[in-house]
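Examination of the molecular architecture
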Amino acid sequence: LMSLKIVYCIPSLYYPSGMERVVTLKANYFAEVYGYEVVIILTDGKDKKPFYSLSPLVRIINLDINYDELYGKSFLKKIVLYLKKQRIFKKRLRDCLFSLKPDISISTLRREINFFNSIKDGSIKIGEIHFSKANYRDFKSEKFINIVQKLIAFFWMRQLIYQLKKLDRFITLTEEDKMLWTELKNIQTINNPLSFFPDRISQCDNKQIIAAGRYVPQKGFDLLIEAWSLVEKKYPDWKLLIFGDGDRKLLENIIIKNNLQNCYLNHSTNDIASEFINSSIYVLSSRFEGFGLVITEAMACGV
């Protein structure tokens, strides 16, 4: 086998999310099975350890840009701070790639995509999107004037397409999403891998329903809990367990408002397979998904 050096760019690895899980899985596989040299370059979470188990063969470099600092700032402050951090990031990433001299550099289409192609370190440049096109760079959550919102979204997407065309390859998660990027010719689909292969499956005899994901509006747990309030009245011997992390205040309020006795919000777990196997039904309540990694995990566990 030829030896390759592969670099991944991703904001952080400490968060229990799909993109972090898939990059970890692929990095581990390339390093352990193929013996490739794999480096993951991060911008955030400097003192936080990866949530998913990372092979000791995989090297992490944290550029310590700390984009997390933007959260909670006003829109104007966000822009000023963002531009400053982008300049620092561009310089540090360029220095890093020139020093590493990778064969292949992979952007997960976060903040580096704006200048990724301009770094002429000689590596093959690949971009892989972990979202669907319809929900990438989505401004619906921002609270500012509609016309400004539309203008920024339009120019931002146009600038993104310009950058994606320059990549050696652009990778989508599904064939359906690939069809939406009509402007691109350098495009291929690689589905997400199955995260694990359980050694046993659910017997589906526990009166337990499970859901998992970050506590954010995208995952639709507010809709799920409202729906559960109807189910609990009819089936008081069943329970609903939701696993995840994030802002749980809204969800807790819905539970209290409906006086629910059998709905539980749990923290993320490193062993979600056991929770699937102890359940009978998995519910995906997401408003949108790029792939839905958790569906394949639930199916593998037989729920």
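Described in the following lines is the structure provided in the data block. Think of each chain on its own: its residues are numbered from 1, step by step along the sequence as written. Selection of residues for local features in this predicted model requires a pLDDT of at least 70, selection of side-chain atom pairs for listing and counting requires 80 or more, and totals for whole chains, interfaces and linings are taken over all residues. Water and hydrogen atoms play no part in the side-chain values, which are based on all heavy atoms of the structure.

Section: the packing of aromatic side chains
Just so we agree on the cut-off: Pairing of aromatic side chains requires ring centres within 6.5 Å, counting the rings of Phe and Tyr and the six-membered ring of Trp. Pairs whose planes differ by under 30 degrees are stacked, by over 60 edge-to-face, and all others tilted. Summary of the burial criterion: residues with accessible area below 20% of their type's maximum are buried, those above 50% are exposed, and those between are partly exposed, where the area comes from a 1.4 Å probe applied to protein chains only. The criterion for a charge sitting over a ring is simple: Lys NZ or Arg CZ within 6 Å of the ring centre, and within 35 degrees of the ring normal.
Summed over the entire model, instances satisfying the criterion amount to 13 aromatic pairs. Look at phenylalanine 51 and tyrosine 52: their rings are 5.0 Å apart centre to centre, the planes differ by 80°, and that puts the pair in the edge-to-face class. Centre to centre, the rings of tyrosine 215 and phenylalanine 221 are 5.9 Å apart; their planes meet at 80°, and the pair counts as edge-to-face. Accessibility classification places tyrosine 215 together with phenylalanine 221 in one group, the buried group. Taken together, the aromatic side chains of Tyr29, Phe30, Tyr34 and Tyr36 make up a single cluster linked through ring pairs. Over the ring of tyrosine 67 we find arginine 111, and its NZ or CZ is 4.1 Å from the ring centre.

Description of the pairing of strand β8 (residues 208-212)
If a strand is regular, its side chains alternate between the two faces of the sheet. Going by this rule: Strands here are runs of E lasting at least two residues and helices are runs of H or I lasting at least four, both read from the DSSP assignment and numbered beginning at the N terminus. Strands pair, by our definition, only if DSSP identifies at least two bridges between them. The path from the first strand over the helix to the second decides the hand: if it runs clockwise while the strands point away from the viewer, the crossover is right-handed.
Most of β8 is tucked away: five of the five residues are buried. Neither face of β8 is open: one carries Gln208, Ile210 and Ala212, the other Ile209 and Ala211, and all of them are buried. Sheet analysis places β8 next to strand β9 (residues 239-243), joined by five bridges and oriented parallel. Counterpart to alanine 212 in the pairing with β9 is phenylalanine 243. A crossover links β8 with its parallel partner β9, the connecting element being helix α5 (residues 221-234), and its sense is right-handed. As defined by bridge partners, β8 adjoins strand β11 (residues 281-282) across two bridges and the pair is classed as parallel.

Section: helix α6 (residues 249-257)
Put simply, the rule is: Note that the arc is defined by the directions from the helix axis to the C-beta atoms. By definition in these notes, contact holds between two residues if any of their heavy atoms fall within 4.5 Å.
Every buried residue of α6 is listed here: Leu251, Ile254 and Ile255. On an axial view of α6, the arc spanned by its buried residues comes to 100°, and they lie on one face. Seen from the buried face of α6, the exposed residues on the opposite side, beyond 90 degrees, are Lys249, Leu250, Ile256 and Lys257. Looking at the buried side of α6, the elements it contacts are α5 and β10 (263-266). Just beyond α6, the residue with positive phi is asparagine 259, at close to 50°.

Details of the environment of phenylalanine 291
With respect to the helices, strands and loops of the structure, phenylalanine 291 is situated in the loop between β11 and α8 (293-300). Looking at phenylalanine 291, the relative accessible area reads 23%, which means it is partly exposed. Placed 118 residues apart in sequence, phenylalanine 291 and leucine 173 show a C-alpha to C-alpha distance of 6.3 Å. In contact with phenylalanine 291, not counting residues within four places along its chain, are Leu173, Thr174, Asn191, Asn192 and Thr296.

A few points about a nonpolar patch on the surface
Rules: Only residues whose relative accessible area exceeds 30% and that form no salt bridge enter a patch; like-charged residues are grouped when within 9 Å of one another, and nonpolar side chains (Val, Leu, Ile, Met, Phe, Trp, Tyr) when within 5 Å. All accessible areas in this document rest on Shrake-Rupley with a 1.4 Å probe, and a residue is counted as covered only by the protein chains that are shown. A pair is scored as a salt bridge if a Lys or Arg side-chain nitrogen falls within 4 Å of a carboxyl oxygen belonging to Asp or Glu.
Together, Ile147, Val148, Leu151, Phe154 and Phe155 give the surface a local cluster of nonpolar side chains, amounting to about 480 Å² of exposed area. Counting through the fold element by element, leucine 151 comes out in helix α3 (residues 146-166). Exposure remark for leucine 151: the relative accessible area of 44% places this residue in the partly exposed category.

Comments concerning the sheet that holds β11
The test is simple: To get an axis, fit a line to the C-alpha atoms, keeping to the stretch in contact for a helix; angles then go from 0 to 180 degrees between the N-to-C directions.
Sheet architecture is open: four strands sit in the order β10-β9-β8-β11, paired in parallel fashion. Single-partner strands in this sheet number two, and they are β10 and β11. α5 contacts β8, β9 and β10 of the sheet and is inclined by roughly 170° relative to β9.

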